[in-house]
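Structure assessment
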Amino acid sequence: MITPSNANSGSREPLSPPARPGTGLLLTSTAVGAALSAPPAGSVFDHAWRPFPRAQAVAFNLGTVQSLAGDGPLEPKISVNGQLVPMSGKDGKSPVALALDAGVANEDGISFAVLEVEPNDDGELLKASRIEIVHSLNTTSREKGLGRKAIAHLTWNKGSVVRVRPMVNFHFLYVRVVPTSGGGLPRHFFL
Amino acid sequence: MESLPSTKWRHPWQTSPRWMAKAKQWGATIEPGFVDSLDALGDGQVLSPIFRATVEEQQKAGNPWENNPLTGKPFFSDPIFNQDATAVQTREVDLPLYLDPVIPMTFYGLGFDGDPGISVPQFFLDRGAAKVPTLQPNQDPNSLTPPKNLRLLRACDLWLHQPRLALTSDVELGDGPATGQSNVQQTLGVLSPTAGDVPRVLQGFYQPVSQQQIDALSGDFTEINFDQILIATVYLLSPPNTPIGSDPDGTWQPFVQHNLFWNLSWAQPQFRILPEDEIAGMLPVLAGGVAQHVINFLSASLNDAAQDAENRILANSLAGKFWTPTGGGHIGSLPVPAVDPATVATGLDKVKNAAALKAALQVQNHAAQLGPDFPYNGLLFPTAFLSA
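All chains use their own residue numbering, which begins from 1 and follows the written sequence. The naming scheme follows written order: chains are lettered A onward, ligands numbered 1 onward. Owing to the predicted nature of the model, reporting of local features is limited to residues with pLDDT of at least 70; listing and counting of side-chain atom pairs is limited to 80 or more, with chain, interface and lining totals taken over all residues. For the side-chain quantities, the full set of heavy atoms in the structure was used; hydrogens and water were omitted.

**A closer look at the overall build of chain A**
A run of H or I in DSSP counts as a helix once it spans at least four residues, and a run of E counts as a strand once it spans at least two, with each numbered from the N terminus. Per the secondary structure count, chain A includes 0 helices and 14 strands. Along chain A, helices and strands appear, N-terminal first, in the series β-β-β-β-β-β-β-β-β-β-β-β-β-β. For every residue, the accessible area (1.4 Å probe, protein chains only) is compared with the maximum for its type, and the residue is labelled buried under 20%, exposed over 50%, or partly exposed between those bounds. Taken over 191 residues, chain A has a buried fraction of 42%. Restricting the contact set of chain A to residue pairs at least 6 apart, pairs at least 24 apart contribute 54%. Shrake-Rupley sampling with a 1.4 Å probe provides the accessible areas, and residues are treated as covered by the protein chains on show and by no other component. With an accessible surface of roughly 9900 Å², chain A has 51% of that area assigned to carbon and sulfur atoms. The contact criterion used is simple: two residues touch if any of their non-hydrogen atoms lie within 4.5 Å.

**Thoughts on the overall build of chain B**
The helix and strand inventory of chain B stands at 6 helices and 17 strands. A buried classification covers 39% of the 388 residues belonging to chain B. Contacts spanning at least 24 positions in sequence make up 72% of the contacts within chain B whose residues lie at least 6 apart. Surface summary for chain B: the accessible area is close to 20800 Å², and the carbon and sulfur share equals 54%.

**Structural notes on the nonpolar core**
We define a nonpolar core as any set of buried Ala, Val, Leu, Ile, Met, Phe, Trp, Tyr and Cys residues linked to one another through side-chain atoms lying within 4.5 Å. In terms of nonpolar packing, the biggest core is built from 30 residues, with W13, L160 and I231 of chain B touching the most fellow members. With 5 residues, the top contributor of residues to this core is strand β14 (residues 226-237) of chain B. Ignoring sequence-local partners within four residues, the contact set of I231 of chain B consists of W13, T15, I30, L158, W159, L160, V201, H258, N259 and L260 of chain B. Judged by nonpolar contacts, the second largest core, of 28 residues, contains I78, I151, L154 and Y174 of chain A.

**Some points on the sheet that holds strand β6 (residues 77-80) of chain A**
Residue and element names in this part refer to chain A. Strand pairing is assigned whenever DSSP detects at least two bridges linking the two strands. One open sheet accounts for 6 strands, arranged β7-β6-β10-β9-β11-β12; its pairing is mixed. Looking at the sheet topology across the chains shown, the edges are occupied by β7 (83-86) and β12 (160-166). Neighbour-to-neighbour, the strand axes of the sheet open up by a mean angle of 35°, direction not taken into account. Inspection of the sheet shows strand β9 (residues 110-117) paired to strand β10 (residues 131-136) by 6 bridges, in the antiparallel sense. Across the sheet, the residue bridging to E116 is E132, located in β10. To get an axis, fit a line to the C-alpha atoms, keeping to the stretch in contact for a helix; angles then go from 0 to 180 degrees between the N-to-C directions.

**A short note on the sheet that holds strand β2 (residues 25-30) of chain B**
All names here are of chain B. Reading across from one edge, β1-β2-β7 is the order of the 3 strands in this open sheet, with antiparallel pairing throughout. Each having just a single partner strand, β1 (15-20) and β7 (103-104) make up the two edges of the open sheet. Bridge count for β2 against β7 is 2 bridges, and the pairing is antiparallel. Across the sheet, residue A28 finds its bridge partner in β7, namely I103.

**Re the packing of aromatic side chains**
Note on aromatic pairs: the rings of Phe, Tyr and Trp (six-membered ring only in Trp) are paired at centre separations within 6.5 Å, and the planes decide the class, stacked below 30 degrees, edge-to-face beyond 60, tilted for the rest. Inspection of every chain in the model, using the stated rule, returns 18 aromatic pairs over all chains. When the ring of F170 of chain A is compared with that of W262 of chain B, the centres are 4.9 Å apart and the planes differ by 65°; the resulting orientation is edge-to-face. In this pair, F170 of chain A is assigned in the loop between β12 and β13 (172-177) and W262 of chain B in the loop between β15 (253-258) and β16 (264-267), connecting two distinct chains. Judged by relative accessible area, which is 2%, W262 of chain B ranks as buried. Seen in terms of ring centroids, F124 of chain B and F255 of chain B are 5.5 Å apart; in terms of plane orientation they differ by 80°. Their pairing is edge-to-face. Within this pair, whereas F124 of chain B is found in helix α3 (residues 122-125), its partner F255 of chain B is found in strand β15, the two being separated by 131 residues in sequence. No difference in accessibility class separates F124 of chain B from F255 of chain B, as the two residues are buried. Taken together, the ring pairs connect W49, F172, Y174 and F190 of chain A into an aromatic cluster. Our definition puts a charge over a ring when NZ of Lys or CZ of Arg is within 6 Å of the ring centre and also within 35 degrees of the ring normal. Above the plane of the ring of F385 of chain B lies R187 of chain A, whose end atom (NZ or CZ) is 5.9 Å from the centre. One Lys or Arg, R127 of chain B, reaches over the ring of F123 of chain B and ends 3.6 Å from the middle of that ring.

**A word on the confidence of the model for chain B**
Residues and elements named next belong to chain B. The quantity called pLDDT is the predictor's confidence in a given residue, expressed from 0 to 100. Averaged over all residues, the pLDDT of chain B equals 77, while 70% of them reach at least 70. With pLDDT under 50 throughout, residues 1-6 is counted as low confidence; its partners more than four residues away or in other chains account for 6 contacts. Considering only residues more than four positions removed or in separate chains, one finds that residues 278-297, a stretch of pLDDT under 50, has 32 contacts. As a predicted assembly, this complex carries a pTM of 0.79 together with an ipTM value of 0.77.

**A few points about the environment of A195 of chain B**
All names here are of chain B. With respect to the helices and strands, the residue A195 is situated in the loop between β11 (182-191) and β12 (200-204). Classification of A195 by relative accessible area gives exposed; the value is 78%. Taking the C-alpha atoms as reference, A195 lies 65 Å from D349; in sequence the two are 154 residues apart.

**Brief notes about the pairing of β10 of chain A**
Residues and elements named next belong to chain A. Taking burial as the measure, the 6 residues of β10 include 6 buried ones, the bulk of the element. Here β10 shows two buried faces, one formed by I131, I133 and H135 and the other by E132, V134 and S136. Pairing of β6 with β10, which is carried by 2 bridges, proceeds in the parallel orientation. In the sheet register, I78 faces β10, and the bridge partner there is I133.

**Here we look at the side chain of R187 of chain A**
Inspection of the secondary structure assignment puts R187 of chain A in strand β14 (residues 187-190). With no salt bridge to any partner, buried R187 of chain A finds its closest opposite charge in D39 of chain B, at an N-O distance of 5.9 Å. Two N or O atoms count as a polar contact when they lie within 3.5 Å, although within protein this holds only if one can serve as hydrogen donor and the other as acceptor, and sequence-adjacent residues are included solely when both atoms are side-chain atoms. Among the polar contacts listed, one links the side chain of R187 of chain A to the backbone oxygen of D39 of chain B, at a separation of 3.0 Å. With residues near it in sequence (within four places) discarded, R187 of chain A still touches V175, R176 and V177 of chain A together with L38, D39, A40, Q268, P269, Q270 and F385 of chain B. Under the counting rule used here, the positive set is Lys and Arg, the negative set is Asp and Glu, and His together with the chain ends is not counted. Should a side-chain nitrogen of Lys or Arg be within 4 Å of a carboxyl oxygen of Asp or Glu, the pair is scored as a salt bridge.

**Some words on the side chain of D39 of chain B**
Here D39 of chain B shows up in the loop between β3 (35-38) and β4 (44-47). A polar atom in the side chain of D39 of chain B sits 3.0 Å from the backbone nitrogen of G42 of chain B. If near-sequence neighbours (up to four positions away) are discounted, D39 of chain B is found in contact with R187 of chain A together with L165, W266 and Q268 of chain B.

**Focus: the pattern of salt bridges**
All names here are of chain A. Under the counting rule described, the total for this entry stands at 13 salt bridges over all chains. The residue R50 makes a salt bridge to D46 at a minimum N-O spacing of 2.9 Å. Take R50: its relative accessible area is 23%, and that puts it in the partly exposed class. Classification of D46 by relative accessible area gives exposed; the value is 52%.

Right, dumping it as structure tokens:
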């Protein structure tokens, strides 16, 4: 949009272009030059489990998990100074951050935020079940009483997290399958 | 001057093609996707697939290959690599998608001057491409006159290759003890993936590999030891009146048709020891004799044994399945149309008629698009995995 210079106004400043909606480029030509502006690229999908990097920590949008016949949906907890706190914060509005340890990353500079669940003997998750988000390299489990699901991918460089990528976008339905014949390991599915 | 307008959310596996002027080739980058895998023996891992490339290839694609973003040191800065520069250039390196490798693409033709066996999406027919014309008997294809303002079409598929354990079956027909009767014995086993094979992205012409026809009694049978799934197809549309048979260059217009939109989970059925009652049925005793009715009985028993063996192969197949974790949804197409367009009515309920017509138009619009709108499609969870 070309801004009128309004030469008849003498020493008056050029008029600023009116604010206008749009997703394209805005070219403003004034008496003092041209300016090019653009809105930030990319819209946002504010999904469940979406990670937000903090200083040596990462916070998450609320995500929930429930089993077929258990309680739920259940909110995971994060350990903060040794105390388990709901991930959305004690007030439900201030997400707590998962503290990150650079020593956990592997030789490729990769680590994960992992959701861990401890179902009961029937494979169900109840309100009293341990459901926690931890910083770990272990993303699977062979144990009947422990299920794991990676929810964020962390890239490290020189002791700092340089990139956090979400690995999941939806709340979970958890199902455990224990073989009844022929051997085999328990399987934990996060659907 | 170049800038990007506001774009949609970049989903996992989102493919972005671009013309690489230095390499004079089209390349693609893929937004990192992750596969949470669980194999038949209970081993699991979470990986972003890699793209296997050479240093020389990536340099041509514009990847400067200066510093490793993870270590901060120059790639191949170890003194051992300085002894042979050629070896460094041709060395193959596995680049995870989160390092943004550029994937050089090779295209196949479809449409007017392409493979007649490949159908042309309506989306491109609406934009000036044309189907392969029907030739008259003995007509020279080179004699065809392209329609005015014809736009040529090329495509390149990008797919995910997932190595896996595979089922093997070894069937032996042998003489039985003392009685001279024959026994049929089938041994099921597990074959490892090919050494060095890893989850990776491949490009070219995607042809799903079909399992060889099962001839269970012919001896050894081995399943294919990988699964594959299409990520996206990159199409290039030429400017109008481009000469027939031209190779794509920077003047062609790219389009992407995605097949994957969400991070994936993948699993194989568990490999387990067969229960006794299943094993017992696999040893039909075949009578040796000269009478016709006995020979017919032998043939029938062999057929039964063959079918038995084939059934066991199918029942214990280790073919893996991909799915999208969506919280236990039972449908893969999102969003669900509010009204079934098949029920477009002409009755007295005007509100219902209008809603049905709207849904029908939406379906029609979607059919003319190259891909679904957000929230896209997901892959359904194979409920057979829930069997204990």
